[in-house]
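Now for the letters of each chain:
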Amino acid sequence: MKRIAMIPARFAASRFPAKLMQDLQGKPVILRTYEAAVNTHLFDDVFVVTDSEVIFKVIEAAGGKAIMSIKDHECGSDRIAEAVENMDVDIIVNVQGDEPFTEKESLASVLDVFDNDPNEEIDLASLMVKITDWDEISNPNTVKVIVDTNNFALYFSRSPIPYPRAKDVNSIYYKHKGIYAFRKRALMDFQRLPMLQLEATEKIEAIRYLEYGKKLKMVETTVSGIEIDTPEDLERAKKAWK
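Quick look at the structure, then. Small disclaimer: the values here were computed from a predicted structure and weren't measured.

## With respect to the packing of aromatic side chains
Point 1. Taken as a whole and assessed by the stated rule, the structure comprises five aromatic pairs.
Point 2. Relative to Tyr209, the ring of Phe190 lies with its centre 4.7 Å away and its plane at 25°, an arrangement referred to as stacked. Of this pair, Phe190 sits in helix α6 (residues 184–192) while Tyr209 is found in helix α8 (residues 206–211), placing the two residues 19 residues apart along the sequence. The pair Phe190 / Tyr209 is uniform in exposure class, with both members buried.
Point 3. Put simply, the rings of Tyr180, Phe182, Phe190 and Tyr209 pair up and form one aromatic cluster.

Here's what the structure looks like:
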């Protein structure tokens, strides 16, 4: 199977404008993320797909591969679908542009899902990490996921799920990490299918796959990493990089 990594990169960001172009120990965040994906040596190719000429030029100037896309995409999956529509590829991994600490172990674990799926029954795979801090569990910026006994996703939410009504039950909570691995057909279906009520309400693109009956396998990881969503996250990343 031919496998590529795609890194969707919007210049605009509501909470932290131009965050992907912020300096992280001598290089922009997006370039650090691109290099991290390349250095895993898991992919036949790695691309940044962006609506920004600034980001495009930074990646190409460093010898990387970048693709310009239109600006008005609703989400990263739509941006990637546009870029790969005419590519001869089997598996596409969506790496978030604001995760410069992307590492091989997590990416390999989602790719393994497809190696162990000879009948091609699984449409996509993603990562989850256990969380225990109630502030994080209740934070609407943290997307939570619940799964069945085979670790297939049942639902994603910005609310705490499951809701802890029974205080004598030791509930386990998982944060959804936004790394996806798709079969190409599932990604192209996503682009064609309209957004429904649940996705529109929660503003979580993964819900669209569930609403249309796609099988989404979750893989637990212990690697939480640092996602750069705020200036405070950037400062944490700078300290961790040292």
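The discussion continues.
## A look at the environment of Val143
Point 1. Checked against the element boundaries, Val143 lands in the loop between α5 (134–138) and β8 (144–147).
Point 2. The spacing of Val143 and Leu42 is 101 residues in sequence and 27 Å in space, taken between C-alpha atoms.
Point 3. In contact with Val143, other than residues within four places in its own chain, are Phe156, Ser157, Arg158, Tyr174, Lys175, His176 and Ile204.

## Focus: the nonpolar core
Point 1. Ranked by internal contacts, the top residues of the largest apolar core, which has 36 residues, are Ile7, Ile30, Val48, Ile59 and Val93.
Point 2. Contact partners of Ile7, with chain neighbours within four places excluded, come to Ile30, Thr33, Tyr34, Ala37, Val46, Phe47, Val48, Val49, Val95, Gln96 and Gly97.
Point 3. If you look at the next biggest cluster of nonpolar residues, it comprises 31 residues, including Met6, Val145, Phe156 and Leu216.

## Let's talk about the environment of Lys239
Point 1. The residue Lys239 is located in helix α9 (residues 231–241) in this model.
Point 2. Sequence spacing of Lys239 and Leu24 is 215 residues, and the spatial spacing of their C-alpha atoms is 9.7 Å.

Rules used in this analysis
Residues numbered from 1 in each chain as written. Predicted model: local features only at pLDDT ≥ 70, side-chain atom pairs only at ≥ 80, totals over all residues. Heavy atoms only, no water. Phe/Tyr/Trp six-rings, centres within 6.5 Å; stacked < 30°, edge-to-face > 60°. Helix = DSSP H or I, 4+ residues; strand = E, 2+ residues; numbered from the N terminus. Buried < 20%, exposed > 50% of the residue type's maximum accessible area, 1.4 Å probe, protein only. Contact = heavy atoms within 4.5 Å. Core = buried A, V, L, I, M, F, W, Y, C linked by side-chain atoms within 4.5 Å.

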